[in-house]
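# A look at the structure
Here is how the chains run, residue by residue.
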Amino acid sequence: MPEKIYSKVDDGLLLLAINRRSDICENRIDLCPEDQLLQISTKALSKNTSFRPHKHNRLRRETFTTNEAWIILKGSVEAKFWDIDDKLILKTVLGEGDCAVVFHAGHGFSVLEEGTILYEVKNGPYYGQLKDKSFIEGEE
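Below is a short write-up of the structure. Values in this document were obtained by computation on a predicted structure and should not be read as measured data.

About the cut-offs
Residues numbered from 1 in each chain as written. Predicted model: local features only at pLDDT ≥ 70, side-chain atom pairs only at ≥ 80, totals over all residues. Heavy atoms only, no water. Pairing = 2+ DSSP bridges. Helix = DSSP H or I, 4+ residues; strand = E, 2+ residues; numbered from the N terminus. Axes fitted to C-alpha atoms, helices over the stretch in contact; angles between N-to-C directions. Buried < 20%, exposed > 50% of the residue type's maximum accessible area, 1.4 Å probe, protein only. Polar contact = N/O pair within 3.5 Å; in protein donor to acceptor, adjacent residues only side chain to side chain. Contact = heavy atoms within 4.5 Å. 1 Å grid on protein atoms, 1.4 Å probe; cavity = no way out; pocket = protein on both sides within 12 Å on 5 of 7 lines; lining within 4 Å. Points joined across faces, edges and corners; volume = space filled by probe spheres on them. Nonpolar A, V, L, I, M, F, W, Y, C, P; charged D, E, K, R; others polar. Phe/Tyr/Trp six-rings, centres within 6.5 Å; stacked < 30°, edge-to-face > 60°. Disulfide = S-S within 2.5 Å.

## Overview of the sheet that holds strand β2 (residues 14-19)
Ordered by their spatial adjacency, five strands build an open sheet running β1-β2-β8-β5-β10, and the pairing between neighbours is antiparallel. The sheet is open, and its two edges are formed by β1 (3-6) and β10 (117-122), each paired on a single side. Direction aside, the axes of adjacent strands within the sheet are offset by 15 degrees on average. Across six bridges, strand β5 (residues 68-74) lies against β10 in antiparallel orientation. The partner of Ile 71 across the bridge, within β10, is Tyr 119.

## Let's talk about the side chain of Asn 123
Assignment of secondary structure puts Asn 123 in the loop between β10 and α1 (129-132). Taking relative accessible area as the criterion, Asn 123 reaches 16% and is therefore assigned buried. A polar atom in the side chain of Asn 123 sits 3.2 Å from the backbone oxygen of Thr 65. Within the structure, Asn 123 has its side chain in polar contact with the backbone nitrogen of Asn 67 (distance 2.8 Å). Discounting chain neighbours no more than four positions away, the residues touching Asn 123 are Leu 37, Leu 38, Thr 63, Thr 65, Thr 66 and Asn 67.

## Regarding the layout of surface pockets
Quantified by volume, the largest pocket comes out at close to 1,000 Å³. Glu 68, His 107, Asp 132, Lys 133 and Ser 134 are, among the 37 residues lining the largest pocket, the residues nearest its centre. When residues of the lining of the largest pocket are traced back to their parent elements, those giving at least two are β5, β6 (77-82), β9 (106-111), β10 and α1. Of all the elements, β9 adds the most residues to the lining of the largest pocket, at five residues. Residue composition of the lining of the largest pocket, grouped by class: 12 nonpolar, 14 polar and 11 charged. Each pocket or cavity is described by its volume, and for the second largest pocket that value is around 290 Å³. Together, Glu 34, Asp 35, Gln 36, Leu 37, Gln 39, Lys 55, His 56, Asn 57, Leu 59, Arg 61, Thr 63 and Asn 123 line the second largest pocket.

## Things to note about the packing of aromatic side chains
This structure, assessed with the given rule, holds two aromatic pairs. Ring centres of Trp 70 and Phe 109 lie 4.6 Å apart, and the angle between their planes is 75 degrees; on these two criteria the pair is classed as edge-to-face. With a gap of 39 residues between them, Trp 70 in strand β5 and Phe 109 in strand β9 connect regions that are remote in the sequence. Of the residues examined, Trp 70 reaches a relative accessible area of 1% and is grouped as buried.

## So, the state of the cysteines
Within the structure shown, the criterion is met by zero disulfides. As a non-bridged cysteine, Cys 25 has Cys 99 as the owner of its nearest cysteine sulfur, 15 Å distant. No disulfide involves Cys 99; its nearest neighbouring cysteine sulfur is the one of Cys 32, lying 7.4 Å away. Given a relative accessible area of 7%, Cys 99 falls into the buried group.

Written out as structure tokens, the structure is:
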């Protein structure tokens, strides 16, 4: 099951979810609550598994923030996460197959291994760094 980290400032506010590769099993696990902007699930698949072909309907969705996910394909990173008051709440290492989904946490990472490869996924549109980001002063 994914580790879910909640705010210490705003009870009930989900900051992030971390799923380790070792947690992936034959049962579908939803990493994100249904009301979040990103929807990510995991499942170990057997040969000859198939999914019914489909497409998604055009629906108006309104968003006011960005959710982001990192999926580590190779190597590792030290990930740091901050609560909504900009206080460090978690420091952890993400390795191959791990996924961190950020809903409301401040975040940053440092690459630990040469050749590290990851996917970074977020909802758009992206309006550029000046409009889209507020930097957290001080490392910790």
